Amino acid sequence: MKTGLAISVTMHAALLGFGIFSLSTPRAFEVADVEALPVDIVPVESITQVQEGDRQAPAERRPAPRPTLRTDEVENAQKVGEAETDLKSPPTPDAKPKPVERAAEPPPAPAPRPQPVETAAEEAQVAEAEPVPATERQPEPQPRQEVTPDPTDKPMVAENAEAESVTLPRTAPVPQARPQPPRAQTAKAPERRQAEAETPAPRQQARGEKKDDELFDQVAALLNKERASGGGARRSTGEAALGGTRTTAGEQLTQSEMDALRGQIQRCWNVPAGAIDAANLKVSLRFRLDPSGAVEGNPEIISGGDGSGVARAAAESARRAILQCAPYNLPTEKYSAWADVIVHFDPSDMF
Amino acid sequence: MESVALTAPGGELSIWALFWQAGWVVKLVMIGLLGASIWTWAIIVDKTLAYARMRVALNRFEQVFWSGQSLEELYRSLSERKTTGMGSIFVAAMREWKKSFEKGARSPLGLQTRVDKAMDLALAREMERLEGKLGFLASIGSSAPFIGLFGTVVGIMTSFQAIAGSKTTNLAVVAPGIAEALLATAMGLLAAIPAVIAYNKLSSDAAKLGARMEGFADEFSAILSRQIDEKVSSRQRAEEYA
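Chains are numbered independently. Their residues run from 1 in the order of the written sequence. Numbering of ligands from 1 and lettering of chains from A proceed in the order in which they are written. Only residues with pLDDT of 70 or above have their local features reported here, since the model is predicted, and side-chain atom pairs are shown and tallied only from 80 upward, although totals for entire chains, interfaces and linings are computed over all residues. The basis for the side-chain values is all heavy atoms of the structure; hydrogens and waters are excluded.

1. Structural notes on the overall build of chain A
Each helix corresponds to a stretch of at least 4 residues labelled H or I by DSSP, and each strand to a stretch of at least 2 residues labelled E; elements are numbered beginning at the N terminus. In terms of regular secondary structure, chain A is built from 14 helices and five strands. For chain A, with 351 residues in total, the buried portion stands at 32%. Residue contacts follow a heavy-atom distance rule, with two residues in contact if any of their heavy atoms lie within 4.5 Å. Across chain A, contacts joining residues at least 24 apart in sequence account for 78% of those joining residues at least 6 apart. The Shrake-Rupley method, run with a 1.4 Å probe sphere, supplies the accessible areas, and residue values consider only the shown protein chains as cover. Working note: accessible area of chain A is about 22800 Å², and carbon and sulfur atoms make up 56% of it. Between buried and exposed lies partly exposed: a residue is buried under 20% and exposed over 50% of the maximum accessible area for its type, with that area taken using a 1.4 Å probe on protein chains only.

2. As for the overall build of chain B
Secondary structure summary: chain B contains seven helices and one strand in total. Its helices and strands in sequence order give chain B the pattern β-α-α-α-α-α-α-α, from N to C terminus. Put simply, chain B has 242 residues, and 37% of those count as buried. Long-range contacts, defined here as pairs at least 24 residues apart, represent 81% of the contacts in chain B between residues at least 6 apart. With the model as given, the accessible surface of chain B reaches about 13800 Å², and the carbon-plus-sulfur share is 62%.

3. Focus on the packing of helix H6 (residues 134-166) of chain B against helix H7 (residues 171-241) of chain B
Residue and element names in this part refer to chain B. To define axes, lines are fitted to C-alpha atoms, for helices over the stretch in contact only, and angles between the resulting N-to-C directions are given on a 0 to 180 degree scale. The contact between H6 and H7 brings their axes to 7 Å, and the two run at 175°. In terms of orientation, H6 and H7 fall into the roughly antiparallel class. Under this grouping Gly is polar, as are all residues other than the nonpolar Ala, Val, Leu, Ile, Met, Phe, Trp, Tyr, Cys and Pro and the charged Asp, Glu, Lys and Arg. Tallied by class, residues from the contact of H6 with H7 come to 24 nonpolar, 11 polar and no charged. When an angle is under 35 degrees it counts as roughly parallel; over 145 it counts as roughly antiparallel; between 65 and 115 it counts as roughly perpendicular; any other value is oblique.

4. A word on the packing of aromatic side chains
All names here are of chain B. Two rings belonging to Phe, Tyr or Trp (six-membered ring only in the last case) form a pair when the distance between their centres is within 6.5 Å. Interplanar angles under 30 degrees mark stacking, angles over 60 mark edge-to-face geometry, and anything in between is tilted. Scanning the model with the defined rule gives 12 aromatic pairs over all chains in all. Their ring planes at 90° and their centres at 5.0 Å tell us that Phe65 and Trp66 sit as a pair that is edge-to-face. Centroid distance Phe216 to Phe220: 5.8 Å. Interplanar angle 5°. Geometry classified as stacked. Separated by four residues within a single helix, Phe216 and Phe220 lie in helix H7, roughly one turn from each other.

5. Topic: the side chain of A:Asp340
Residue and element names in this part refer to chain A. Relative to the helices and strands, Asp340 is located in strand E5 (residues 340-345). A distance of 3.4 Å separates polar atoms of two side chains, one belonging to Asp340 and the other to Arg286. N or O atoms within 3.5 Å of each other form a polar contact, as long as, within protein, one can give a hydrogen and the other can take it, and as long as residues adjacent in sequence are counted only when both atoms are side-chain atoms. Here Arg288 takes part through its side chain, which lies 2.8 Å from a polar atom of the side chain of Asp340.

6. What about a negative patch on the surface?
Together, A:Asp212, A:Asp213, A:Glu214 and A:Asp217 make up a region of like negative charge exposed at the surface. Take A:Glu214: it is sitting in helix H11 (residues 200-227). Exposure above 30% relative accessible area and no salt bridge define the residues that can form patches, which grow by joining like charges within 9 Å and nonpolar side chains of Val, Leu, Ile, Met, Phe, Trp and Tyr within 5 Å. Between Lys or Arg on one side and Asp or Glu on the other, a salt bridge is scored when a side-chain nitrogen of the former is within 4 Å of a carboxyl oxygen of the latter. In this tally, Asp and Glu contribute negative charge and Lys and Arg positive charge; neither His nor the terminal groups of the chain are included. Charge positions come from single atoms, namely NZ of Lys, CZ of Arg, CG of Asp or CD of Glu.

7. Things to note about the pairing of E5(A)
All names here are of chain A. Where burial is concerned, most of E5 is hidden: five out of the six residues are buried. At least two bridges found by DSSP between two strands are what make those strands a pair. Direction of pairing for strand E3 (residues 283-289) relative to E5: antiparallel, over a ladder of six bridges. By the bridge assignment for E5, Phe287 is matched with Val341.

8. Section: the packing of helix H1 (residues 2-22) of chain A against helix H2 (residues 24-65) of chain B
Any two packed helices are characterised by the angle at which their axes cross and by the distance between the axes. Orientation of H1(A) relative to H2(B), taken along the N-to-C sense of each, is 135°, at an axis distance of 7 Å. Taken together, the axis directions place H1(A) and H2(B) in an arrangement best described as oblique. Crossing angle aside, the handedness with which H1(A) passes H2(B) is right-handed. Contacts between H1(A) and H2(B) involve A:Thr3, A:Gly4, A:Leu5, A:Ile7, A:Ser8, A:Val9, A:Met11, A:His12 and A:Leu16 on the former and, on the latter, B:Leu34, B:Ser37, B:Ile38, B:Trp39, B:Trp41, B:Ala42, B:Val45, B:Asp46 and B:Leu49. Looking at the contact of H1(A) with H2(B) residue by residue, the class counts come to 12 nonpolar, five polar and one charged. The sense of a crossing depends on the near helix, which, turned anticlockwise from the far helix by less than a right angle, makes the crossing left-handed and, turned clockwise, makes it right-handed.

9. A look at the pairing of strand E4 (residues 295-303) of chain A
All names here are of chain A. In this sheet, E4 lies alongside E3 in antiparallel orientation, the contact comprising five bridges. Residue pairing in the sheet places Leu285 in a bridge with Ile301 of E4. Remark: five residues form the turn of the hairpin made by E3 and E4, two consecutive strands paired antiparallel; Gly293 in that turn has positive phi of roughly 95°.

10. With respect to the nonpolar core
One finds B:Phe61, B:Phe65, B:Ile89, B:Phe90, B:Met213, B:Phe216 and B:Phe220 to be the most contacted residues of the largest nonpolar core, which totals 38 residues. For this core, the element with the highest residue contribution is H7(B), accounting for 11 residues. The criterion is simple. A nonpolar core is a set of buried Ala, Val, Leu, Ile, Met, Phe, Trp, Tyr and Cys residues joined through side-chain atoms within 4.5 Å.

11. Thoughts on the pattern of salt bridges
Residue and element names in this part refer to chain B. Tallying each qualifying case throughout the model produces 11 salt bridges over all chains. One salt bridge connects Lys98 with Glu72, and the closest N-O pair in it is separated by 2.5 Å. In this pair, Lys98 sits in helix H4 (residues 86-103) while Glu72 sits in helix H3 (residues 71-79), placing the two residues 26 residues apart along the sequence.

12. Re the UniProt feature "transmembrane region" (unreviewed entry) in chain B
All names here are of chain B. UniProt positions are given in the numbering used here, feature names are shortened, and annotations may be inferred rather than shown by experiment. Under the feature "transmembrane region" (unreviewed entry), the UniProt entry names residues 24-45, 134-157 and 177-199. Secondary structure over residues 24-45 splits into 100% helix and 0% strand, and the C-alpha atoms at its two ends are 31 Å apart. Counting secondary structure, residues 177-199 comes out at 100% helix and 0% strand; the distance between its end C-alpha atoms is 34 Å.

13. Details of the confidence of the model for chain B
Residue and element names in this part refer to chain B. Summarising the model, chain B shows a mean pLDDT of 84, and 93% of its residues fall at 70 or more. As a per-residue quantity, pLDDT reports the predictor's confidence and falls between 0 and 100. Considering only residues more than four positions removed or in separate chains, one finds that residues 1-10, a stretch of pLDDT under 50, has 20 contacts. In the model output, the complex is listed with pTM 0.47 alongside ipTM 0.73.

14. Here's the deal with a nonpolar patch on the surface
Taken together, the side chains of B:Phe146, B:Leu149, B:Val153 and B:Met157 present a nonpolar region at the surface, about 420 Å² in accessible area. As for its placement among the helices and strands, B:Phe146 is situated in helix H6.

15. Let's talk about unusual backbone geometry
All names here are of chain B. For Lys133, which is not glycine, the phi dihedral falls at a positive 75°. Here Lys133 lies in the loop between helix H5 (108-131) and H6. Accessibility expressed as a relative area gives 41% for Lys133, which makes it partly exposed.

16. Re helix H13 (residues 309-325) of chain A
Residue and element names in this part refer to chain A. For H13, with 17 residues, the first-to-last C-alpha span of 24 Å sits near the 24 Å given by 1.5 Å per residue. What H13 keeps buried is the set Ala311, Ala314, Ala315, Ser317, Ala318, Arg319, Ala321, Ile322 and Cys325. On the buried face of H13, the contacting elements are helix H12 (255-267), E3, E4 and E5. One fewer than the residue count of a helix, multiplied by 1.5 Å, yields its expected span.

Written out as structure tokens, the structure is:
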């Protein structure tokens, strides 16, 4: 018995020692992240990835939207357009208002002509008419008083006046009165008044152009008001080139959203049971979804589904699955990413 | 393709580490099973050697017995030393035979019965020596898996209690405790499997040796019975002549 015990103890000790040194921590599993789902979705990025540009413009290397007339930058604006505030809605078409505004332009143009011919009588009229604006009238008497010192400078002005006409010095105060209403705020500074009084003649000449500028501004303001009813506020300077209405590159379905869609399709998929060789039953379908998630039209079989009756049955079962499970619940803001979907059905993993 | 390695949070999983991480009940069970395994193997080694020796002894005795040597001479050479197996049966029978004749026993039937009884006794003693401790192998073979299972159940119970305490069901938290608990079952099976196999083998070996000895005892009993009959008839003939 002693020999048996001795042999047993040594054997166990040897085995344990071997176990401690050789059967140490087993190697950790290398777990590959394998997707075992037989339904696969291909995001159609070539279609969803669109750069912003102009739809009518010829294709260039880089798509660019139509250049804007306005150049003032608006912070955080995203849509290209002429508006002052960034709006998502498209700009209202400005074809109609334009002819009306152009027709308004000519009448003011002849109006400035007769004015230089006007006499002091008109001055009085203007002076009388001026009380109507009310609030800003008080500074006006002052320029009148300041006009009186003018004679001291007369010798200098007289040289110019002699060349044109004698009446000019008399009419000199007239233009001063005219431009004042719009400049009422700045008129309060007395020093400026003096400087303006020094050169009365050039003022007269500039008057007609000034009027045109004002009109242009008014027209532009009118135009702006109409444009503000829609369109973005981001300005574009480059030449227009072919592209979509907005850039959609960033909109891709995340893995979990793709999984959700896959799960929704897979739930309705009745795999044709008892198929002879499942490896040949791979089917790819392409279909369009509308923003509500419903299938538009009939899913189109891209590959598979031809040949034996079993393959055709598999393709039809995939098509039925897509139609049966609609509408699909997907994030609306990424519609462009899932508007066009290609789904691969591969039942070979399931057998 | 991304690969994720599942490793325990800062613990090695060697057998030694698993043993030390276990609770005291599981440790006790494992130590007990290790002891049972050692004892099982000691018995297996001992019995295998003993049976081999016995087989050699039986062969040698049969060779000597059937060589035509005088039974008296054989008895004289064997009675002086320690005998095993057939030798001890032969010595027991011859001792009873001698005692009866020296004392001048009259009844031949009584002599036959006493010799058979002596041989049965010797055979039973030999069989007991052969089969002794095989019962331990049998009980280890049948109970060690259960003992190991008990350790596993206790270990899993405590490890689930620990998991409930840690409030996570991460596999990395669950796995080490269960691996440690399963070590107890592994040790139970490690002890039980050799025990069962060895029990079946050794008990059939013992049965074979026992049958061989029984056969010899029957044969020797027949020889002695013939001798008794011869002696009785010769004595009766002597009495008739007298």
